[in-house]
Amino acid sequence: MYDRIKNQDAELYRSILDEKKRQTEGLELIPSENYTSPAVMEAMGSILTNKYSEGYAGRRYYNGNEHIDHIELLAIERAKKLFRVKHVNVQPYSGSPANLAVYLATCAPGDTIMGLALPEGGHLTHGWKVSATAMFYKSVPYHVRADGRIDFEELRKLAREHKPKLIWAGATAYPYAYDYKKFAEIADEVGAYLAADIAHVAGLIVAGAHPSPVPHAHIVTTTTHKTLRGPRGGMIMVTDRGLKKDPDLAQKVDKAVFPGLQGGPHDHQTAAIAIALKEAATPKFSAYGKQIVKNAKALAASLKKNGITLVADGTENHLILLDLAPIFGPGGGVFGSDAMEVAGMTANKNTIPKEPMSPFYPSGVRLGTPALTTRGMKEREMQKVGEWIARSIRAVGSYRMPSDVKERAAYIARFKKGAARNEELLAIRKEIRSFCKKYPLPGDTKR
Ligand SMILES: *Cc1c(COP(=O)(O)O)cnc(C)c1O
């Protein structure tokens, strides 16, 4: 594989191979990652990348787009059918540009918007302060309650007070199913657009393993590369409800994507999205989506059995948040996620609800099951993965984040050195490497 790269650019080839080895020999637990299919990757590497096609099907600024039109319409039709929506734009380069287009379509600069605060699970593009979405719009974040569920009482109160134009429902670190109906009631009460960002749960929704926002939201955005298991990309959908609220909403969305924010669409990406949508419409994918959730529940149970505290005491979707404060005290997420990395498991440090330390030194770890489920693992394997995670965390359980901020960098550097030589972690790594041989990546054969 990759022979042409090998012949032409040995240095780069080396890195691709190393990354492939990493993806093959380790357990991928980052809940926003997945292994896409060989057909999707073939489309991503196809000649479609050569074409410019600014505009939309039948209305392009360049000639020679008859086949591109067909590809884009195919992707749109498949998405419309799969998600049961009236209008779809498949051109956003990724999830963040898709969200930015929603602002452009529904708000004027300076208008008020609301999203879940980032440290509580929200996404940057839902108005978090370092994002352009908080610089160009007036952002009023809402929060979760102590149990980690969205605080709808606060949301309603803030919405009545600030009268937002746009409310976001969706998150990157939320282990519960979303109650879209409640969001819609509040949005309707104040006349706001409700945009559901299903980046994380799109595949679960398609599989019938998570409620759909389509009956409740006006706009739905998603990435295509997380649980949906397509190429990196984004989509914006307009629902029946959206068109009822604003008959021009579909055109506003299209105009926001192009020419509002982007130039030419990535046609190879569009083709790969079309393929992923075809895959997602199969019974096999439904079974996959349901298995993700079963696996997450099994992994949560194993973690708890092995002494790990979980936010929400479990999960209702594909994602699990470990609360490591009982083990390391505040700020120990990095000890957990780095120990896991040495042991061959990739996850990320993450804030927990009512974070006792800070977003840079958070107290939790976020993980999920979409990628492992793609490799064919089931509940029995999750039992084992839970044990490995708990063992890795306990192997470094004596570390404590210094309360003096100035001491932290040096302390973490010492911790990393120790972890890299930790015998227990290295033993787990070996076990995992041999375990992974039984679960090849899509397109690879068992070795
Ligand atoms: C991942 C994610 C995005 C952004 O996607 P990118 O493709 O990384 O730009 C947006 N919203 C939510 C909720 C996400 O989880």
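Since the structure is predicted, the reported quantities are computational estimates derived from the model, not experimental observations.

What counts, and where the lines are drawn
Residues numbered from 1 in each chain as written. Predicted model: local features only at pLDDT ≥ 70, side-chain atom pairs only at ≥ 80, totals over all residues. Heavy atoms only, no water. Helix = DSSP H or I, 4+ residues; strand = E, 2+ residues; numbered from the N terminus. Buried < 20%, exposed > 50% of the residue type's maximum accessible area, 1.4 Å probe, protein only. Pairing = 2+ DSSP bridges. Contact = heavy atoms within 4.5 Å. Axes fitted to C-alpha atoms, helices over the stretch in contact; angles between N-to-C directions. Arc of directions from axis to C-beta. Core = buried A, V, L, I, M, F, W, Y, C linked by side-chain atoms within 4.5 Å. Domains from an automatic or database assignment. Buried area = accessible area lost by both parts, 1.4 Å probe. Near = heavy atom within 4 Å. Polar contact = N/O pair within 3.5 Å; in protein donor to acceptor, adjacent residues only side chain to side chain. Nonpolar A, V, L, I, M, F, W, Y, C, P; charged D, E, K, R; others polar. Salt bridge = Lys/Arg side-chain N within 4 Å of Asp/Glu carboxyl O.

A. View of unusual backbone geometry. Looking along the chain, the bond that leaves Phe258 and enters Pro259 is cis, with omega of 10°. When you line up the elements, Pro259 lands in helix H11 (residues 249-261). In the Ramachandran plot, Lys163 falls in the positive-phi region, its phi being about 45° despite a non-glycine side chain. Examined against the element boundaries, Lys163 turns out to sit in the loop between helix H7 (152-162) and strand S7 (166-169). When its relative accessible area of 52% is taken as the criterion, Lys163 is described as exposed. Despite not being glycine, Ala312 has its phi angle at roughly 70°, a positive value. By the element assignment, Ala312 lies in the loop between strand S11 (309-310) and strand S12 (319-323).

B. Quick look at the sheet that holds S11. Read from one edge of the open sheet, four strands run S11-S12-S15-S14, paired in antiparallel fashion. Where the open sheet ends on each side, the last strands, each with one partner, are S11 and strand S14 (348-350). On top of the sheet, helix H13 (residues 283-305) reaches S11, S12 and strand S15 (364-368); it is set at about 15° to S12, its chief contact. Lying on the sheet, helix H15 (residues 333-342) is in contact with S14 and S15; it crosses S15 at an angle near 40°.

C. Inspection of H7 at higher detail. All of the buried residues in H7 are Phe152, Leu155, Leu158 and Ala159. Projected down its long axis, H7 shows its buried positions confined to an angular sector of 125°, all on one face. Facing away from the buried side of H7, by more than 90 degrees, are the exposed residues Glu153, Lys157 and Glu161. Once H7 ends, the next one or two residues include Lys163, with phi positive near 45°.

D. Focus on the sheet that holds strand S8 (residues 193-197). Read across the open sheet, the seven strands follow the order S4-S10-S9-S8-S7-S5-S6; overall the sheet is mixed. Two strands close off the open sheet at either side, each with one partner strand: strand S4 (87-89) and strand S6 (138-139). Across two bridges, strand S5 (residues 112-114) lies against S7 in parallel orientation. Across the sheet, the residue bridging to Met114 is Ile167, located in S7. The strands touched by helix H8 (residues 180-190) within the sheet are S7 and S8, with S7 carrying the most contacts at an inclination of about 175°.

E. The environment of Ala173, seen in detail. Relative to the helices and strands, Ala173 resides in the loop between S7 and H8. Along the primary structure Ala173 and Gly368 are separated by 195 residues, whereas in three dimensions their C-alpha atoms are 9.9 Å apart.

F. View of the nonpolar core. Ranked by size, the top nonpolar core spans 53 residues in total, and within it Phe83, Tyr142, Ile167, Phe183, Ile198 and Met235 carry the most contacts. The element that contributes the greatest number of residues to this core is H8, accounting for six residues. Shared between two domains, this core takes at least three residues from each, and those domains are domain 1 (42-280) and domain 2 (284-436). Residue contacts for Phe183: discarding those within four places in its chain leaves Tyr142, Ile150, Phe152, Leu155, Ile167, Trp168, Ala169 and Leu194. Residues Leu29, Ala298, Met401 and Phe415 belong to the second largest nonpolar core, which totals 43 residues.

G. Summary view of the domain arrangement of the protein chain. Domain annotation of the protein chain identifies domain 1 (42-280) and domain 2 (284-436). Domain 1 and domain 2 are separated by 29 Å when their C-alpha centres are compared. Tallying the contact residues gives 28 residues for domain 1 and 24 residues for domain 2. Buried surface at the junction of domain 1 and domain 2, both sides included, amounts to about 2,100 Å², of which 60% is carbon and sulfur. Looking only at domain 1, the three residues that lose the most surface to domain 2 are Pro175, Ala207 and Arg229, adding up to 27% of its buried area.

H. Local environment of the site of the ligand. Lining the immediate surroundings of the ligand are 13 residues, of which Ser94, Ser96, Asp197, His200 and Lys226 lie closest. Residue His200 places a side-chain N or O atom 3.5 Å away from an oxygen atom belonging to the ligand. Lys226 places a side-chain nitrogen or oxygen 2.8 Å from an oxygen atom of the ligand. Of all the elements, helix H5 (residues 95-106) adds the most residues to the shell around the ligand, at three residues. Looking at the shell around the ligand residue by residue, the classes come out as two nonpolar, nine polar and two charged.

I. Here's a closer look at the pattern of salt bridges. Following the criterion strictly, the structure yields 26 salt bridges and no others. With a shortest N-O distance of 3.4 Å, Glu77 and Lys80 are connected by a salt bridge. Here Glu77 pairs with Lys80, and both are found in helix H4 (residues 66-83), just three residues apart, close to one helical turn. For Glu77, a relative accessible area of 44% translates into the label partly exposed.

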